[in-house]
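# Structural description and commentary
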Amino acid sequence: MKTFTHINHNGEANMVDVSTKQETIREARAEALVTMSPETLAMIMTGQHHKGDVFATARIAGIQAAKRTWELIPLCHPLLLSKVEVTLTPLIKTHQVRIESLCKLTGKTGVEMEALTAASVAALTIYDMCKAVQKDIVIEQVRLLEKSGGKSGHFVVNT
């Protein structure tokens, strides 16, 4: 049976020691969906939002969040990310924005939390920029899509 890695033998939270782990190329992808009214989505897509380019701001926020995950999530290691990518895709039929993040590095620990944080903060940034025109925007389906590298191997979510 697998055990929690952040709990020591006394049942206390602790930072995992990765000093003896092998360095490998590690990559993770995550997503989040932001559901809004068709009018709000149209406002974003046509560039008529009074706060400016919502997608560009959310993309930068997601990248910055990935780089600072270790400051936000207790027990995460500070990582030297070699790549962070945040893609925002409008889904017109469902009036949603799909956010996908990709984080990559060569190191001793995975980047799942960085990818999840990037997608989450990009979604929160969309909400923040649009809350003046719509308060009932919904952020949902924040999830890991794929991870590779390290001892636990390759994971791809079942869709």
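What counts as what
Residues numbered from 1 in each chain as written. Predicted model: local features only at pLDDT ≥ 70, side-chain atom pairs only at ≥ 80, totals over all residues. Heavy atoms only, no water. Helix = DSSP H or I, 4+ residues; strand = E, 2+ residues; numbered from the N terminus. Buried < 20%, exposed > 50% of the residue type's maximum accessible area, 1.4 Å probe, protein only. Contact = heavy atoms within 4.5 Å. UniProt positions renumbered as here; feature names shortened; annotations may be inferred. 1 Å grid on protein atoms, 1.4 Å probe; cavity = no way out; pocket = protein on both sides within 12 Å on 5 of 7 lines; lining within 4 Å. Axes fitted to C-alpha atoms, helices over the stretch in contact; angles between N-to-C directions. Left-handed = near helix turned anticlockwise from the far one by under 90°. Nonpolar A, V, L, I, M, F, W, Y, C, P; charged D, E, K, R; others polar. Pairing = 2+ DSSP bridges. Points joined across faces, edges and corners; volume = space filled by probe spheres on them.

For the rest of this paragraph, the subject is the overall build of the protein chain. When its secondary structure is counted, the protein chain shows four helices and five strands. For the protein chain, the N- to C-terminal ordering of α and β elements is β-α-α-α-β-β-α-β-β. Along the longest, intermediate and shortest principal axes, the C-alpha atoms of the protein chain span 55 × 30 × 30 Å. Counting every position in the protein chain, which comprises 159 residues, the buried fraction comes to 37%. For the protein chain, contacts bridging at least 24 residues in sequence account for 71% of all contacts bridging at least 6.

Bringing the UniProt feature "active site" (unreviewed entry) in the protein chain into the picture now. Here the UniProt feature "active site" (unreviewed entry) sits at Asp-128. Mapped onto the elements of the fold, Asp-128 is located in helix α4 (residues 112-130). On the accessibility criterion, Asp-128 (37% relative accessible area) is partly exposed.

Looking now at the UniProt feature "binding site: substrate" (unreviewed entry) in the protein chain. Mapped onto the present numbering, the UniProt feature "binding site: substrate" (unreviewed entry) falls on Leu-75, Cys-76, His-77, Met-113 and Glu-114. The annotated residues occupy 40 residues of the chain but converge on a single region, no pair of C-alpha atoms lying more than 12.7 Å apart. Of the residues annotated just before, the second largest cavity has His-77 and Glu-114 among its lining. Looking at the element boundaries, Cys-76 is found in the loop between α3 (69-72) and β2 (83-91). Here Glu-114 shows up in helix α4. When near neighbours in sequence (up to four residues on either side) are disregarded, Glu-114 contacts Ala-66, Thr-69, His-77, Leu-79, Leu-81 and Cys-103.

Okay, the packing of helix α2 (residues 54-67) against α4 next. It is the contact of α2 with α4, at a shortest axis distance of 7 Å, that shows an interaxial angle of 145 degrees. Considering the relative orientation of α2 and α4, their crossing is right-handed. In this structure, α2 contributes Val-54, Thr-57, Ala-58, Ala-61, Gly-62, Ala-65 and Ala-66 to the contact, and α4 contributes Glu-114, Thr-117, Ala-118, Val-121, Ala-122, Thr-125, Ile-126, Met-129 and Cys-130. Classifying every residue of the contact of α2 with α4 by side-chain character gives eleven nonpolar, four polar and one charged.

Where a strand is regular, its side chains alternate between the two sheet faces. Counting buried residues in strand β3 (residues 96-107) gives nine out of twelve residues, a clear majority hidden from the surface. Relative to β3, strand β1 (residues 24-35) runs antiparallel, the two being bridged by twelve bridges. Bridge assignment links Thr-35 to a residue of β3, and that residue is Gln-96. Looking at chain direction, β2 and β3 are connected through nine bridges and run antiparallel. Within the sheet, the bridge partner assigned to Pro-90 lies in β3 and is Val-97. Remark: four residues form the turn of the hairpin made by β2 and β3, two consecutive strands paired antiparallel; His-95 in that turn has positive phi of roughly 45 degrees.

This part covers the layout of surface pockets. Its boundaries defined by the atoms lining it, the largest pocket holds a volume of some 900 Å³. If you go around the largest pocket, you meet 25 residues; those closest to its centre are Thr-5, His-6, Val-16, Lys-21 and Thr-109. Broken down by element, the lining of the largest pocket gets its largest block of residues, four residues, from α4. Partitioning the lining of the largest pocket into residue classes produces eight nonpolar, nine polar and eight charged.

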